[in-house]
Amino acid sequence: MTDSATNMRLKLPITCFILEIILIILFGVLVQYDKETDAREWHKLNHSDYENDFYYRYPSFQDVHVMIFIGFGFLMTFLQRYGFSSVGFNFLIAAFALQWATLMQGFFHGMHGGKIHIGVESMINADFCTGSVLISFGAVLGKTSPVQLLIMALFEVTLFAVNEFILLSVLGTKDAGGSMTIHTFGAYFGLMVTRVLYRPNLDKSKHRNSSVYHSDMFAMIGTIYLWMFWPSFNSAITAHGDDQHRTALNTYYSLAACTLSTYAMSSLTAHDGKLDMVHIQNAALAGGVAAGTAGEMMLTPYGSMIVGFLAGIISVLGFKYLSPILEDKLKIQDTCGVHNLHGMPGILGAIVGAVTAAVATKDVYGDGLEDVFPMIADGKEASYQGGIQAISLAVTLGIALLGGAIVGFILKLPIFGQPPDTICFEDSIYWEVPGEEESHEDQMTDVRTEEAEKLNC
Amino acid sequence: MTDSATNMRLKLPITCFILEIILIILFGVLVQYDKETDAREWHKLNHSDYENDFYYRYPSFQDVHVMIFIGFGFLMTFLQRYGFSSVGFNFLIAAFALQWATLMQGFFHGMHGGKIHIGVESMINADFCTGSVLISFGAVLGKTSPVQLLIMALFEVTLFAVNEFILLSVLGTKDAGGSMTIHTFGAYFGLMVTRVLYRPNLDKSKHRNSSVYHSDMFAMIGTIYLWMFWPSFNSAITAHGDDQHRTALNTYYSLAACTLSTYAMSSLTAHDGKLDMVHIQNAALAGGVAAGTAGEMMLTPYGSMIVGFLAGIISVLGFKYLSPILEDKLKIQDTCGVHNLHGMPGILGAIVGAVTAAVATKDVYGDGLEDVFPMIADGKEASYQGGIQAISLAVTLGIALLGGAIVGFILKLPIFGQPPDTICFEDSIYWEVPGEEESHEDQMTDVRTEEAEKLNC
Amino acid sequence: MTDSATNMRLKLPITCFILEIILIILFGVLVQYDKETDAREWHKLNHSDYENDFYYRYPSFQDVHVMIFIGFGFLMTFLQRYGFSSVGFNFLIAAFALQWATLMQGFFHGMHGGKIHIGVESMINADFCTGSVLISFGAVLGKTSPVQLLIMALFEVTLFAVNEFILLSVLGTKDAGGSMTIHTFGAYFGLMVTRVLYRPNLDKSKHRNSSVYHSDMFAMIGTIYLWMFWPSFNSAITAHGDDQHRTALNTYYSLAACTLSTYAMSSLTAHDGKLDMVHIQNAALAGGVAAGTAGEMMLTPYGSMIVGFLAGIISVLGFKYLSPILEDKLKIQDTCGVHNLHGMPGILGAIVGAVTAAVATKDVYGDGLEDVFPMIADGKEASYQGGIQAISLAVTLGIALLGGAIVGFILKLPIFGQPPDTICFEDSIYWEVPGEEESHEDQMTDVRTEEAEKLNC
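Residues numbered from 1 in each chain as written. Chains lettered and ligands numbered in written order. Predicted model: local features only at pLDDT ≥ 70, side-chain atom pairs only at ≥ 80, totals over all residues. Heavy atoms only, no water.

## Here we look at the relation of the copies chain C and chain B
Logical step 1: Overlay of chain C on chain B (RMSD 0.0 Å): rotation 120°, translation along the axis 0.0 Å. As the rotation angle and translation indicate, the two copies are arranged about a three-fold axis. Among all residues of chain C, the one whose C-alpha sits closest to the rotation axis is Pro59(C), at a distance of 3.9 Å.
Logical step 2: Mapped onto chain B, only 19% of the interface residues of chain C again fall at the interface, so the copies present different surfaces. (Least-squares fit on C-alpha atoms with pLDDT ≥ 70 in both. Contact = heavy atoms within 4.5 Å.)

Structure (structure tokens):
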């Protein structure tokens, strides 16, 4: 029996159909192939086919794509009865968000003669924006209906594009891996949404708000994919050449160092020294988040390692000591602990980026300064760039918190089919859930009986 | 106890050894490195090493490779007791088929002076052909022995190469992503095989012909990988430059739109609005199939979205209403529903391709017309190309249905160890299956007891 | 309750922190960006950004990276109660080893003016060295604490770098895919460690030293990823152009042939013809190992297939007949059977490499001879190169066995918290392990009750 309030039979199809039809109409009116994907335009350029940006961005795009759909999707399957929803709603809202993000980002910073031009770079940017929505999904995981999530994605993508426009286009902020635009924004937006959606009686679903052995194994698939491909994520839209190369390298070492500090802290903070899967699945990734802004800069390898090392420590401490306080005192029920994986490490990354920018010199960057800091190459002081970076963090936090609050109140409208407090973290509200497997002993008996019957007949 | 008829101890080794030894001999006689892989020939060309096609095809190849082995393999693990066979037989027949496909495709359209030349493009083509075999495997999943599957692969690869030769080389059809050559062919071939192998008493194995919670999670790994890498699949062998770039882009948006219509239809067609994993796992991929022919054309982004949107709707409706009819009325037992994922969306893709080709103009394609439609660039009417596309669909259906019928009768020979009706969808006929895990509560007790014993001694 | 001897609360954090802090200090003193990653240096070179090696190595790097973290990690999850440790310790020691390998390999063959220069090539080499450590981990799986594993990695990486230096830099050996440097070295090193750590009472943990259905499914994820990306592994650091292309091709066919012989032998050696998951998970990969040295040479496609075919046969026979003997007679407890997957196939690969090198001629390689065999192109006899290859195998075996013995004795020191014989292959010693899932029937009841209650109130 399904409560009629959570019955999706009309709500979900109507939402999906309306959104998709609007998308198709807007794409028809506004979107065009860019010069690298349009048959006529590309051939006008008279470039060698090998110079098409496809070859220099698409492998990175595919790595990012895996992070969005496998990485985020499976990372959230740790809950014992929420695997279908974790990977399935992740799939749904990501498929919507990447289309909507193409429009919103194109509208704010990709218009050419009234048209939005798209190609591999816009695909990466759309996936990035989607990542931000999925971070917010992590905060409300298990407590929202798919319709609520689609509505959240609709607004969050829009606000993401506004914030990104202010930072990258207006202020001239550097944030290629999105410590601010993606991680800080997604985390604090999601935290504010979950704050507004606070459920005082959530402990009635408490027994489902935990993992089982196999669900933790599935979650590790997500973790490892995020970890492995983070160097591609941070480098996906930096300038070509040394910039992409250096960003991947910095992120690689930041993550490696972060992994060691995560294991150390997880063991140290347990009274019996046992490792906690929650820390491994999440905190070990904080090094990627924290290298999101400064990764393309001349952070140096050991600088990257220090950043990752600190990010791991902060993140485990957050899971262990801060999350319970946030829940008890501030009424922030953060299912996946996105504050610890994306929030604090995102702020750390923003600060590291501001400091690294503020000490940039022509001596260190040489003629590469133009690629990384065009404003400094144009004559601005490095400290000015550093200041811009710091202001950008404040702007991001402001838009995320305010936007999250507003969207939270919208999602509170009692028409989107959200689950009751007693049945959160539960697939069977929104999914046909199959029965459990018979034990293999039964199966064996089963087969033997059948074989015996067959021989007898 | 294993029925002697299904005992593979001699049948499988003999089949594998004979096939592999024949392959090695034929490779020894017929196959050579192409100009991009041969040390002497490549260096004669005096190209820069960076111009080697490896760098412009290999990343796409690896994505396709993942789709073949992880994508198809895990997609079929949804059955509760057939995970070893799904991923394991997928592995076996794919490893055979890609070798045999190298020979057959090389024989029909890759001969140079009596030798088959191979390199990354032939690897992609071999994987494509393998994909077709795996689609047919989906139709007969759970009802065939590994020897039957190898025999099926042997014939299907051969017929695939014949059909592909007629289309691509004789008629001049465009089908880079294989809506016809791969999906339509593989689906209708497999449906015909399963029709001929009709089992009136299959309901005796009915309790195993369904999923359990964890098997659905494993299947989602397959689904998501297929979904993510489909842009690489459709673009893997298109012309370099804008063509690959545009194909990837079109497929990306087709899939995204398809995902939304799939979720909408899945919820809409359930009486309680609950999503059905079968739809999500399969129908959400139909957008990739349907963009297989027209993906490289100037389909426009919103055109791609419309195609994907329709494909998702058709596919869910197929699962819900058509599959039961096919089984009851036409005696087609289609385990994975390949008709809904590959059959109908493949035909849709062929039609979209024919229409898009028929309206192609020099104005839209510019100098890129040569890459996409060499016949039109050579002076043929666009409508002629459209007609060729339509004829190709008919040819493909004809060869697939006829070929499938013949191969079905061959597979009926009672010497290949096929499982009885009572023990279908069951790993333990062909695999050593381990027991079930003790419960973790037992384990804990277990460890505590051991520790207590250790302390006592 | 945890035995205080295996309590990691101080041991693991101290080890991790000390190691990481030493790494950061040494990186700060010794490591610099190379010319392709340094902003100033790259722009001095005046190359097009598209010529940066990032674009020609990074996709291969990411494939290797997936093999290290997903491939090895999940391959080892086959044990029923050791999934957290398999994938989690794999993660930890790999994250450490790749940092330490950067230093050690840089120290031995990457110094430029007193500094170690790093970029994508050093990242691939570091991952390769890490692979060797993970092979050794397979031999001791389930019987060591994370601290022991970190200590093992510390020494093994160092000895790996020494052996690699002797082979590649001193002797001029060719071994791009590491049949010797990675597989033979890692396997025999690990076998010697596990020999020294021999546990006479290991049968007390015997009931946990086996798989269950789902753990075998997780392990297949590892297998398939290793199999798919092995062509990228063997080709990752060969010369650009035809060399990388040819290596990937050879490995692809070697693996395909190996898969068929593996299935044949697995069925043939079982009394009832049933396939054994241990063989499929491991022996099917032996073709990649065996093509590690000769893969870049003009091995020919059919030559590659013969090598793979033999490797599969040897590997299954090893699992079936040799492993029990090694355990009973030589007291080598090889948990994952690394002798069968990496040991013997590694030696086979070394021999194939020596023979293929010995018959190399200018006629076959043309101007490509310089890339593959610089010594022969410089005037040395091919037989000399063959001799060097053979000597390299002996050197590798010597260093691996001697080094493994010494490190084994170090690991025996009773301070590293190794588990007792009675609690091997058990996650709960070092991890917080969650309880088991309620059955879905209970869940359903649960939900229905909750819903009923809600309606009543």
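## Quick word on the interface of chain A and chain B
Logical step 1: Of the residues lining the interface, 88 residues belong to chain A; the matching set on chain B comes to 89 residues.
Logical step 2: Between chain A and chain B, a total of about 7900 Å² is buried, with carbon and sulfur atoms accounting for 68% of that surface.
Logical step 3: When the buried surface of chain A facing chain B is broken down by residue, Tyr33(A), Tyr50(A) and Phe91(A) rank first, second and third, together holding 9% of it.
Logical step 4: For the pair chain A and chain B, the number of links is 0 salt bridges. (Buried area = accessible area lost by both parts, 1.4 Å probe. Salt bridge = Lys/Arg side-chain N within 4 Å of Asp/Glu carboxyl O.)

## Quick look at the interface of chain C and chain B
Logical step 1: Chain C puts 88 residues into the contact, and the matching count from chain B is 89 residues.
Logical step 2: Carbon and sulfur atoms make up 68% of the surface buried where chain C meets chain B, a total of about 7900 Å² over both sides.
Logical step 3: Among the residues chain C hides against chain B, the three largest losses belong to Tyr213(C), His245(C) and Leu260(C). Together they make up 10% of the total.
Logical step 4: Seen at the junction of chain C and chain B, the total is 0 salt bridges.
Logical step 5: The tally of links between chain C and chain B comes to 32 residue pairs in polar contact (both at pLDDT 80 or more).
Logical step 6: When residues of the side of chain C that touches chain B are traced back to their parent elements, those giving at least two are helix H3 (54-75), helix H8 (213-235), helix H9 (242-268), helix H10 (277-282), helix H12 (301-330) and helix H14 (362-365) of chain C.
Logical step 7: Of the residues forming the side of chain C that touches chain B, the biggest block, 19 residues, is contributed by H9(C). (Polar contact = N/O pair within 3.5 Å; in protein donor to acceptor, adjacent residues only side chain to side chain. Helix = DSSP H or I, 4+ residues; strand = E, 2+ residues; numbered from the N terminus.)

## Examining the relation of the copies chain A and chain B
Logical step 1: The two copies are related by a screw motion: chain A maps onto chain B through a turn of 120° and a shift of 0.0 Å along the axis, at an RMSD of 0.0 Å.
Logical step 2: Interface overlap between copies: only 19% of the residues of chain A at the interface are likewise at the interface in chain B, consistent with a contact formed by different surfaces.

## Side note on the side chain of Asn250(B)
Logical step 1: The residue Asn250(B) is located in helix H9 (residues 242-268) in this model.
Logical step 2: You can call Asn250(B) buried: its relative accessible area is 1%.
Logical step 3: Reaching out from Asn250(B), the side chain makes a polar contact with the backbone oxygen of Gly295(B) at a distance of 2.7 Å.
Logical step 4: Ignoring anything within four residues of it in the chain, the contact list for Asn250(B) reads Tyr33(A), Ala294(B), Gly295(B), Met297(B), Leu299(B), Thr300(B), Pro301(B) and Ser304(B). (Buried < 20%, exposed > 50% of the residue type's maximum accessible area, 1.4 Å probe, protein only.)

## A look at the sheet that holds strand S1 (residues 31-33) of chain B
Logical step 1: The 3 strands lie next to each other as S1-S3-S2 (chain B), forming an open sheet whose pairing is mixed. The open sheet has two edge strands, S1 and strand S2 (111-112) of chain B, and neither has a second partner. (Pairing = 2+ DSSP bridges.)

## Digging into the environment of Arg81(B)
Residue and element names in this part refer to chain B.
Logical step 1: Locating Arg81 in the fold gives a position in the loop between helix H3 (54-75) and helix H4 (83-109).
Logical step 2: Taking the C-alpha atoms as reference points, Arg81 and Asp427, 346 residues apart in sequence, are found 5.9 Å from one another.
Logical step 3: For Arg81, the side chain forms a polar contact with the side chain of Glu426, separated by 3.0 Å.

## Section: the environment of Gly435(B)
Residue and element names in this part refer to chain B.
Logical step 1: By the element assignment, Gly435 lies in the loop between helix H17 (382-412) and helix H18 (440-456).
Logical step 2: Note on Gly435: relative accessible area 34%, which makes it partly exposed.
Logical step 3: The spatial distance from the C-alpha of Gly435 to the C-alpha of Ile388 is 56 Å, given a sequence separation of 47 residues.

## Quick word on the nonpolar core
Logical step 1: Counting 450 residues, the largest nonpolar core has Tyr225(A), Tyr225(B) and Tyr225(C) as the members making the most contacts within it.
Logical step 2: Not counting the four nearest positions on each side in its chain, Tyr225(C) is found in contact with Tyr225(A), Val66(B), Ile70(B), Tyr225(B), Val66(C), Met67(C) and Ile70(C). (Core = buried A, V, L, I, M, F, W, Y, C linked by side-chain atoms within 4.5 Å.)

## Thoughts on the sheet that holds strand S3 (residues 115-118) of chain C
Residue and element names in this part refer to chain C.
Logical step 1: With mixed pairing, the 3 strands of this open sheet are ordered in space as S1-S3-S2. The sheet is open, and its two edges are formed by strand S1 (31-33) and strand S2 (111-112), each paired on a single side.
Logical step 2: Looking at chain direction, S2 and S3 are connected through 2 bridges and run antiparallel. Looking at the pairing, Met111 lines up with Ile116 of S3.
Logical step 3: On the sheet, helix H4 (residues 83-109) packs against S1, S2 and S3 and is oriented at approximately 115° with respect to S3. (Axes fitted to C-alpha atoms, helices over the stretch in contact; angles between N-to-C directions.)

## Examining the pairing of strand S3 (residues 115-118) of chain A
All names here are of chain A.
Logical step 1: Of the two faces of S3, the one lined by Ile116 and Ile118 is fully buried and the one lined by Lys115 and His117 carries no buried residue.
Logical step 2: Where strand S1 (residues 31-33) and S3 come together, 3 bridges link them in parallel fashion. For Gln32, the partnering residue across the bridge sits in S3 and is His117.
Logical step 3: Connecting strand S2 (residues 111-112) to the antiparallel partner S3 that follows it, the hairpin turn spans 2 residues, and Gly113 within it adopts a positive phi of roughly 60°.

## Section: the pattern of salt bridges
Logical step 1: For the structure on display, the rule yields 30 salt bridges over all chains.
Logical step 2: Here Asp367(C) makes a salt bridge to Lys362(C), at a shortest N to O gap of 3.4 Å.
Logical step 3: Look at the salt bridges and you will find they share partners, linking Arg40(A), Glu41(A) and Lys44(A) into a network.

## Here we look at the packing of helix H9 (residues 242-268) of chain A against H4(C)
Logical step 1: Interhelical geometry of H9(A) versus H4(C) gives an angle of 130° and a closest axis separation of 9 Å. Here H4(C) runs oblique to H9(A), going by the angle between their axes. Pair H9(A) / H4(C) crosses with left-handed handedness. Of H4(C), the residues touching H9(A) (which contributes Tyr252(A), Tyr253(A), Ala256(A), Ala257(A), Thr259(A), Leu260(A) and Tyr263(A)) are Gly88(C), Phe89(C), Phe91(C), Leu92(C), Ala95(C), Phe96(C), Leu98(C), Gln99(C) and Thr102(C). (Parallel < 35°, antiparallel > 145°, perpendicular 65-115°, else oblique. Left-handed = near helix turned anticlockwise from the far one by under 90°.)

## Some remarks on the packing of aromatic side chains
Logical step 1: Applying the stated criterion across every chain, the model contains 89 aromatic pairs over all chains.
Logical step 2: Ring centres 4.9 Å apart and planes at 80° place the aromatic pair Tyr252(B) and Tyr253(B) in the edge-to-face group. One exposure class covers both Tyr252(B) and Tyr253(B), and it is buried.
Logical step 3: A centroid spacing of 6.4 Å and a plane angle of 80° characterise the contact between Trp431(B) and Tyr263(C), whose relative ring orientation is edge-to-face. Of this pair, Trp431(B) sits in the loop between H17 and H18 while Tyr263(C) sits in helix H9, each in a different chain.
Logical step 4: With relative accessibility at 1%, the residue Trp431(B) sits in the buried group.
Logical step 5: For Tyr263(C), a relative accessible area of 0% puts it in the buried group.
Logical step 6: One aromatic cluster is present, built from ring pairs that chain together Phe27(A), Tyr50(A), Phe54(A), Tyr55(A), Tyr58(A), Phe61(A), Tyr56(B), Tyr252(B) and Tyr253(B).
Logical step 7: A cation sits over an aromatic face here: Lys380(B) above Tyr384(B), 5.3 Å from the ring centre. (Phe/Tyr/Trp six-rings, centres within 6.5 Å; stacked < 30°, edge-to-face > 60°. Lys NZ or Arg CZ within 6 Å of the ring centre and 35° of its normal.)

## Concerning the UniProt feature "domain: Ammonium transporter AmtB-like" (unreviewed entry) in chain A
Logical step 1: The UniProt feature table records "domain: Ammonium transporter AmtB-like" (unreviewed entry) at residues 50-413 of chain A.
Logical step 2: With 74% helix and 2% strand, residues 50-413 of chain A has end C-alpha atoms that lie 52 Å from one another. (UniProt positions renumbered as here; feature names shortened; annotations may be inferred.)

## Section: H3(B)
Residues and elements named next belong to chain B.
Logical step 1: Helix length check: H3, at 22 residues, gives a terminal C-alpha distance of 29 Å against a target of 32 Å (1.5 Å per residue), a fit within 8%.
Logical step 2: If you look at H3, its biggest bend is around 30°, right at Met67.
Logical step 3: Burial runs high along H3: 21 of the 22 residues are buried. (Expected span 1.5 Å × (residues − 1). Bend = angle between axes of the 7 residues up to and from the residue.)

## What about the confidence of the model for chain A?
Logical step 1: Model confidence for chain A is summarised by a mean pLDDT of 94, while 95% of its residues fall at 70 or above.
Logical step 2: Across residues 453-457 of chain A the pLDDT falls below 50, and counting only partners more than four positions away or on other chains, this stretch makes 4 contacts in the model. (pLDDT = per-residue confidence, 0-100.)

## Notes on the packing of helix H8 (residues 213-235) of chain A against H9(A)
All names here are of chain A.
Logical step 1: Interaxial distance between H8 and H9 falls to 8 Å at its minimum, and their mutual angle equals 145°. Seen from above, H8 lies across H9 with right-handed handedness. Here Trp227, Trp230, Pro231, Asn234 and Ser235 of H8 lie close against H9, whose contacting residues are Gln244, Thr247, Ala248, Thr251, Tyr252, Leu255, Ala256 and Thr259.
Logical step 2: Of the residues in the contact of H8 with H9, the class split is 7 nonpolar, 6 polar and no charged. (Nonpolar A, V, L, I, M, F, W, Y, C, P; charged D, E, K, R; others polar.)

## Side note on unusual backbone geometry
Trans peptide bonds make up the majority, and among non-glycine residues the majority have a negative phi.
Residue and element names in this part refer to chain B.
Logical step 1: If you check the backbone angles, Asn46 has positive phi at about 60° while not being a glycine.
Logical step 2: Mapped onto the elements of the fold, Asn46 is located in the loop between helix H2 (39-45) and H3.
Logical step 3: When its relative accessible area of 70% is taken as the criterion, Asn46 is described as exposed.

## Digging into a nonpolar patch on the surface
Logical step 1: Together, Leu268(A), Leu10(C), Ile14(C), Ile18(C) and Ile22(C) give the surface a local cluster of nonpolar side chains, amounting to about 430 Å² of exposed area.
Logical step 2: Top element by residues in the nonpolar patch is helix H1 (residues 11-30) of chain C. It accounts for 3 residues.
Logical step 3: Among the structural elements, Ile22(C) can be located in helix H1. (Patch = residues over 30% accessible without salt bridge, like charges linked within 9 Å, V, L, I, M, F, W, Y side chains within 5 Å. Areas by Shrake-Rupley, 256 points an atom, 1.4 Å probe, with all protein chains shown as cover.)

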